[in-house]
Amino acid sequence: MNDVPQARESADRPVRHIIHADLDAFYAAVEQLDNPDLRGKPVMVGGSPEGRGVVATASYEAREFGVHSAMPMRSAVRRCPQGIIVRARFGRYKEISGMVMELFREVTGLVEPLSLDEAYLDITAQVEGGMPPLAVALDLKRRVNEVTGLTLSVGVGTNKSVAKIASDLNKPDGLVVVPPGEEADFLAPLAVGKLWGIGPKTAERLRQEGIDTIGQLAAQPMDWFNRCFGVRASSVQAKARGEDREPVHTGRETKSVSAETTFASDLGESGLLRTELARLAGNVSRHLERKGLQGRTVTMKARLADFTTFTRQATLPAPTGSEQTILDTSWRLLSQELEPGRTFRLLGVGVSSFQEEFQLQLPLFEDET
Ligand code: DCP
Ligand code: MG
């Protein structure tokens, strides 16, 4: 695709308005909220300094000493000996996260949670209905603070990538609005590493090529992007120019992912049936991975030689996308239906009940993709 039609296309598109909202020092702020003795003090949430514990997050008071997420707790204690170490209480963070996501959904149904304390909101409809983006953002910050006592940093822009960078610029309690048309100018002076998808290693390689800022990156020709970023070239270029068009995904768009196959001749032999299930489970698993989904319900569908069709379902203890788990579960369901002389015209495998919320991870490391 060359540059000209792309530019014309984007000029015709209606402007979106996107918020990126991220709570400040989330785990540490919850600890300070629940225990007033910790307020105004350097708090480091995470594992023990003996052994290999890491810092999940630190209060802004502790950050002044150079303590940050993913740092070994032992180093954190060295930098900030007066820091108060608190064990993470995931249940409590999850509970507060649920409240905050509910407040986001009171503004718009189009909410994409990225982690427990972070989400994109598409507020295009609200803005088109007459609410200035700044007013929506201020309301949101105030609501979250009133209901939970936590402070929220908000970035507003015409796309996700700009909004995310904006929310990080004035933390804590930040609010940065990038008006339509000013995206490229806003991004130009910022370090390339701030761009979503440019991890520390890529940023270092770019610096070696003399590219420090997003503006310098945006000025590179398309063939350079192709050479350096391969399949990601167009998306990285668009983000660098402030022209990212990625929609806000609510996770509700896809209810289930499934695959089925009708056999050329009916199958009865268990080995052959299992091979077919394995192929279907592989298809479903790859499809789930592409969509970034995991589900808790596995469905096996079968049609017999006499066209009787039925489904059997199993609910797993945890969401899965794994080919092996999907195969094992659907095979268990099918095995219960095997009878001597019974043959099958069709088999199908599906996964549904996708999780809306993010799984807890500790620690979270920066993603290069
Ligand atoms: N987290 C973690 N390990 C990491 C990074 C984060 O366990 N390496 C957890 C603790 C954080 C929470 O996820 O409180 C949210 O992550 P953020 O990156 O949003 O960090 P904070 O909310 O703590 O601070 P900030 O004010 O920079 O958003
Ligand atoms: Mg945060």
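Relevant structure appears above.
Residues numbered from 1 in each chain as written. Chains lettered and ligands numbered in written order. Predicted model: local features only at pLDDT ≥ 70, side-chain atom pairs only at ≥ 80, totals over all residues. Heavy atoms only, no water.

Caption draft 1: Layout of the coordination of the magnesium ion (ligand 2). The protein atoms that coordinate the magnesium ion (ligand 2) are D22 (OD), L23 (O) and D117 (OD), at distances of 2.0 to 2.2 Å. Ordering the donors of the magnesium ion (ligand 2) by residue number gives the pattern D-L-x93-D. Per residue, the accessibility class of D22 equals that of L23, and both read buried. (Donors = N, O, S within 2.8 Å, 3.2 Å for Na, K, Ca; no water. Buried < 20%, exposed > 50% of the residue type's maximum accessible area, 1.4 Å probe, protein only.)

Caption draft 2: Here's a closer look at the environment of L280. Along the chain, L280 falls in helix α14 (residues 270–291). Along the backbone, L280 and G350 are 70 residues apart, and their C-alpha atoms lie at a distance of 8.7 Å. When residues no more than four places from it in sequence are discounted, the contact partners of L280 are A259, E260, T261, L347, G348 and V349. (Helix = DSSP H or I, 4+ residues; strand = E, 2+ residues; numbered from the N terminus. Contact = heavy atoms within 4.5 Å.)

Caption draft 3: Local environment of the pairing of strand β7 (residues 152–157). Burial within β7 is extensive, with six of its six residues counted as buried. Bridging between strand β1 (residues 18–23) and β7 involves six bridges; their strand directions are antiparallel. Its bridge partner lying in β7, D22 is registered against S153. Bridge count between β7 and strand β8 (residues 175–177): three bridges; the pairing is parallel. Residue V156 lies in a different strand from β8, and its bridge partner there is V177. Between the parallel elements β7 and β8, the chain passes through helix α8 (residues 160–169) in a crossover that is left-handed. (Pairing = 2+ DSSP bridges. Right-handed = clockwise from strand over helix to strand, strands pointing away.)

Caption draft 4: The arrangement of the nonpolar core in detail. Among the nonpolar cores identified, the biggest contains 34 residues, and I19, A21, F26, F104, L121 and L152 are the most heavily contacted of them. Counting residues per element, the ones that place at least two in this core are β1, α2 (26–34), β2 (43–46), α5 (90–107), β6 (118–122), α7 (133–148) and β7. Per-element accounting of this core gives the leading share, six residues, to α5. Once you skip the residues sitting within four places of it in the chain, L121 turns out to touch H17, I18, I19, A21, F104, V107, T108, L110, V111, L140 and V248. (Core = buried A, V, L, I, M, F, W, Y, C linked by side-chain atoms within 4.5 Å.)

Caption draft 5: Examining helix α13 (residues 233–240) more closely. For α13, the set of buried residues is A233, V236, Q237, K239 and A240. Down the axis of α13, the smallest arc covering the buried residues is 165°, so these residues share one side. On its buried face, α13 sits against α8, α9 (183–187), α11 (214–218) and α12 (222–229). Downstream of α13 by a residue or two, G242 has a phi angle that is positive, lying close to 75°. (Arc of directions from axis to C-beta.)

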